[in-house]
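This is what each chain is made of:
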Amino acid sequence: MNKALLNSEQQLAVDYNQGPLLVLAGAGSGKTRVIIHHIIQLIEKGVSPKQIVAVTFTNKAATEMRERVSSKIDLSPLICTFHSLGVRILRESIEHLGYSKNFVIYDEEDALKMLRACIKELQIEDKTITPKAVKQIISKAKNRLEEPQEDSSSSMGQVAPQIFKLYQNKLFEASAVDFDDLLFLPTKLFKEFPAVLDIYQSKWQHLLVDEYQDTNHAQYTLASQLVAKHRNFFVVGDPDQSIYTWRGANIQNILNFEKDWSDARIVRLEQNYRSTSTILEAANHLIENNENRYKKNLWSDLGEGERIYKFNAFNEREEADFIVDTLSQNQKKYQINLKDMVIFYRTNAQSRPFEDELLRRNIPYTVVGGMSFYQRREIKDVLAFLKLLNNPSDTVSFLRTINLPKRGFGEASLAKILHFANRSPHNLIEACQELLKPGAPIRLNQKQLQGLTDYINLLSALKKISHESPLNELVYQTIQRSGYLNILKSDPDSSDDRKANIDELVAKAIDWEDQNPEGTLSQFLEELTLNTSQSNEDAHDRLVLMSVHNGKGLEFHSVFLTGMEETLFPHINSFNLHNGIEEERRLCYVGMTRAKRILYLTRTMSRFIWGGARSMRPSRFLREIPSKYCQKVDDEEEEYQDSYVERQAPTSTEKSEFSLGEVVYHQEFGIGKVQKIKNSSLGITYDVNFQKDGSTKTLLAKFAKLSSI
DNA sequence: TTTGTATGTATTTTT
DNA sequence: TACATACAAA
């Protein structure tokens, strides 16, 4: 892409290099191009690449941007996600907060294990207090940079602060941080140690943030702290593409930019260079159904192109069959590669039928996200050994590996060991060594003694290897010496698959070493935890399958947007959420605007969910797209418009559990009173007026989990 | 303490 | 469905 190809607004943004600038960039308006050219121009004007930081939202976007920048200049600036920026700061400076530099990053699963332990330790019997629910509360609090407040109106509100404290303590003792800490701790660090902040402010003179509409309060604060001094703050975003409010993203961050920075300059990019006018206008019509929205006029001069294809399948197998069939044909018809097409879905679970069909026809594909490679049990098991070498205080990894293979340590003995280690000056592994000495404070049986000896020996042997040999050798030896492959054999059904994954892990280690000759074990582990999407798969021509969330920032010649059905897309869980439908609609908008030329919207009449076939109604989003932009693939399509109206009418035969005026309890919203009971096609709904904030919410009986008091 | 079976229960989206 | 936890038995 050449400079001359920039339009005047883009050029304006690129040239602006002093003070705060907000680029409101509609879908496909070339925002990445603007960011890249801006970076290059800064460098050409004499700014050192080391003084520039560009923050993106996903690893995929960061990688792509890094590649595009480094193809133009020799020394690339730091381009990473908010979370990896956080890690970078913490690796250098976390010791101010008392943590060890060797800290590990706990992923969601690790964190949940930690929380389960906390709940157990506090002897909380209430079974509504699940690790998952607590995690959500803690996560929300951290992203708002708050401590969880005591809230006596619910049992959760009462215990959450207690659990939070213990959890944070346990993390600290394990030299571990969770994902939220990667944002939470740096802001805390900067607040408490202004001198440290000062160092980073001088080091990073230019901060660029992509997808600014998706920043949460912690990210917003971190960015604000960093730019407070030099004020060179270049942010790019599109309020219509805000799809992460569920994880604390605050759309006000972008809407308030002018208020936050009185001298802010705003540039609007409204010409779309990606999609045909048909696709773009259809998407525009859809998004106009959102009430909470600033109007904008995004246009394209790429011509009308083809109309949007709509297909109505009988069930998800037929949907998959149709799509795979069509995309094979389209490959020839449009002379495109597999990787120019994408299958989007709302939930990761929907990938299954597509995978089955692709496997059946031998079409290569990659699934992005979902249950990623590094979240597989066998991979996490092997990595846990490695993590322990790196950080011998890592409790979660210890508990994961101590019984691989079975060494006879049950819940009771492990609790004793952890307790002992906690009160001793040693780390976990050293404490275990103490236990092998005569006169140890904990009595172990023969099997346990032998097991612990083997375990300690294994770890020290691996430690030695880690000093002497390359990483791939270490990974290989870990698998060999732990006898992990034998452990896998106990479950013959899965062992072949798992073995293959283990082999792949070794291959990845070799690969990683090739690309990071100077890399350390710690960096390797960190990248695996943070970088869930695989990076180097692009070389092959494969069809990509992913959730719509993962599609943000990408573009494809052909897009298949699947599962366009009520309760799936929009997802049923959004129905009770404040502005939930609007966020779903933005998500749909994001999905549609990924398409350059060809867009398919597909749905099914029946879908297998929750162990049974359920009949599905078409998504409201399909109705919101004017039919003049669409064409139907099947001839039966006409039927659904009629049957749709009819099918809305019948109400469910469900009986109301509560009566009008009854006082009920909701886990999140607290105590409320039933104002209205309706029987809709989706089942019984209640309008409940909640005490806490006086709001009235419409809740679906099936999903809101109300209880009487 | 481990292992097997039964039962329940939840299923969005991601760093 | 399919996964995780609970419980019982060895």
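A few words on the protein's contact with DNA strand B. Taken together, 26 residues lie around DNA strand B, and Arg346, Asn348, Lys406, Ser413 and Trp610 are the ones closest in. Tryptophan 246 is positioned with one of its side-chain polar atoms (N or O) 3.2 Å from a base oxygen of DNA strand B. Here a phosphate oxygen of DNA strand B sits 2.6 Å away from a polar atom, N or O, in the main chain of asparagine 348. Tallied by class, residues from the surface near DNA strand B come to 8 nonpolar, 13 polar and 5 charged.

What follows concerns the nonpolar core. By size, the foremost hydrophobic cluster in this structure holds 46 residues, and its most contacted members are Phe398 and Leu452. Where this core is concerned, the elements lending two or more residues are α16 (377–390), α18 (411–423), α19 (428–436), α20 (446–468), α21 (471–481), α22 (484–489), α23 (492–515) and α24 (521–530). Not counting chain neighbours up to four residues away, the residues in contact with phenylalanine 398 comprise Leu388, Leu414, Ile417, Leu418, Leu428, Ile429, Cys432 and Tyr455. Formed by 44 residues, the second largest nonpolar core is a distinct cluster that contains Ile94, Leu197, Leu226 and Val227.

So, on to the packing of aromatic side chains. This model, assessed by the stated rule, comprises 18 aromatic pairs. Note on phenylalanine 233 and phenylalanine 257: the rings are 5.9 Å apart at their centroids and 40° apart in plane angle, and the pair reads as tilted. Linking phenylalanine 233 in strand β7 (residues 233–237) with phenylalanine 257 in helix α12 (residues 257–260), this pair joins segments that are 24 residues apart in sequence. For the ring pair phenylalanine 311 and phenylalanine 322, a centre distance of 3.7 Å and an interplane angle of 10° mean the geometry is stacked. Of the two residues, phenylalanine 311 is situated in strand β11 (residues 308–315) and phenylalanine 322 in helix α14 (residues 316–333); the sequence distance between them amounts to 11 residues.

A few words now on empty space enclosed by the protein. One pass over the structure, following the stated rule, counts 5 cavities of 30 Å³ or more. As a volume, the largest cavity reaches approximately 140 Å³. Considering the residues around the largest cavity, the lining is formed by 13 residues, among which Thr32, Ala61, Asp210, Glu211 and Gly553 are closest to the centre. Elements supplying a minimum of two residues to the lining of the largest cavity: α2 (31–44) and α3 (59–70). Among the elements that line the lining of the largest cavity, the one with the most residues is α3, at 3 residues. Looking at the lining of the largest cavity, its residues break down into 4 nonpolar, 4 polar and 5 charged.

To continue, consider helix α15 (residues 351–360). Listed in full, the buried residues belonging to α15 are Ser351, Pro353, Phe354, Glu355, Glu357 and Leu358. Where the residues of α15 are buried, they touch α14, β12 (341–345), β13 (365–368) and β14 (543–547). Where α15 ends, the next residue or the one after it, asparagine 362, has phi of about 60°, a positive value.

Taken together, Arg116, Arg352 and Gly611 make up the full set of residues adjacent to DNA strand C. One nitrogen or oxygen atom from the side chain of arginine 116 is found 3.1 Å from a phosphate oxygen belonging to DNA strand C.

With that settled, the discussion passes to the sheet that holds strand β8 (residues 265–269). Taken together, the 6 strands give an open sheet; going across it, the order is β3-β2-β6-β7-β1-β8, and neighbouring strands pair in parallel fashion. Since the sheet does not close on itself, it has two edges, and those belong to β3 (78–81) and β8, each with one partner. Shown here is a sheet whose adjacent strand axes are inclined to one another by a mean of 15°, direction ignored. Looking at chain direction, strand β2 (residues 52–56) and β3 are connected through 4 bridges and run parallel. What sits directly across from alanine 54, in β3, is isoleucine 79. Packed on one face of the sheet, helix α1 (residues 8–15) meets β1 (21–25), β7 and β8 and runs near 145° to β8.

Bringing the packing of helix α8 (residues 181–192) against helix α10 (residues 217–227) into the picture now. Interaxial distance between α8 and α10 falls to 9 Å at its minimum, and their mutual angle equals 35°. Judged by the sense of rotation from one axis to the other, the crossing of α8 with α10 is left-handed. Listed contacts from α10 to Leu183, Pro186, Thr187, Phe190 and Lys191 of α8 are Ala218, Gln219, Thr221, Leu222, Gln225 and Leu226. Taken together, the residues of the contact of α8 with α10 sort by class into 6 nonpolar, 4 polar and 1 charged.

In this structure, the amide linkage connecting phenylalanine 569 to the following residue, proline 570, adopts the cis form with an omega of 10°. One non-glycine residue, arginine 231, lies in positive phi territory at about 60°. Assignment of secondary structure puts arginine 231 in the loop between α10 and β7.

Let's shift gears to the environment of glycine 157. Following the sequence through the fold, glycine 157 ends up in helix α7 (residues 155–173). If near-sequence neighbours (up to four positions away) are discounted, glycine 157 is found in contact with Gln149, Glu150 and Asp151.

Model confidence for chain A is summarised by a mean pLDDT of 84, while 88% of its residues fall at 70 or above. The least confident element of chain A, judged by mean pLDDT, is helix α27 (residues 637–648) at 39; the most confident is strand β15 (residues 556–561) at 96. Here residues 636–653 scores under 50 on pLDDT; set against residues more than four positions off or in separate chains, the count is 27 contacts.

We now examine the state of the cysteines. For the structure shown, the criterion picks out 0 disulfides. Here cysteine 588 stays unpaired: no disulfide links it, and the sulfur of cysteine 630, its closest cysteine neighbor, is 11 Å away. For cysteine 630, a relative accessible area of 7% puts it in the buried group.

Our next topic: the pairing of strand β17 (residues 612–615). For strand β16 (residues 595–609) and β17, the ladder comprises 4 bridges, and the chain directions are antiparallel. Bridging across to β17, phenylalanine 608 finds its partner in alanine 613. The hairpin formed by β16 and β17 contains 2 residues between the paired strands, and tryptophan 610 there has a positive phi angle of roughly 55°.

The next subject is the side chain of arginine 594. Topologically, arginine 594 is positioned in the loop between α25 (580–592) and β16. Glutamate 211 provides the closest opposite charge to the buried, unpaired arginine 594, separated from it by 6.7 Å. Looking at arginine 594, its side chain comes within polar contact range of the side chain of glutamine 241, at 3.2 Å. Filtering out sequence-adjacent residues up to four positions away, arginine 594 remains in contact with Ala27, Gln241, Arg274, Phe344, Gly551, Lys552, Gly553, Leu554, Glu555, Phe556 and Val559.

Basis of the calculations
Residues numbered from 1 in each chain as written. Chains lettered and ligands numbered in written order. Predicted model: local features only at pLDDT ≥ 70, side-chain atom pairs only at ≥ 80, totals over all residues. Heavy atoms only, no water. Near = heavy atom within 4 Å. Polar contact = N/O pair within 3.5 Å; in protein donor to acceptor, adjacent residues only side chain to side chain. Nonpolar A, V, L, I, M, F, W, Y, C, P; charged D, E, K, R; others polar. Core = buried A, V, L, I, M, F, W, Y, C linked by side-chain atoms within 4.5 Å. Buried < 20%, exposed > 50% of the residue type's maximum accessible area, 1.4 Å probe, protein only. Helix = DSSP H or I, 4+ residues; strand = E, 2+ residues; numbered from the N terminus. Contact = heavy atoms within 4.5 Å. Phe/Tyr/Trp six-rings, centres within 6.5 Å; stacked < 30°, edge-to-face > 60°. 1 Å grid on protein atoms, 1.4 Å probe; cavity = no way out; pocket = protein on both sides within 12 Å on 5 of 7 lines; lining within 4 Å. Points joined across faces, edges and corners; volume = space filled by probe spheres on them. Pairing = 2+ DSSP bridges. Axes fitted to C-alpha atoms, helices over the stretch in contact; angles between N-to-C directions. Left-handed = near helix turned anticlockwise from the far one by under 90°. pLDDT = per-residue confidence, 0-100. Disulfide = S-S within 2.5 Å. Lys, Arg positive; Asp, Glu negative; His and termini not counted. Salt bridge = Lys/Arg side-chain N within 4 Å of Asp/Glu carboxyl O.

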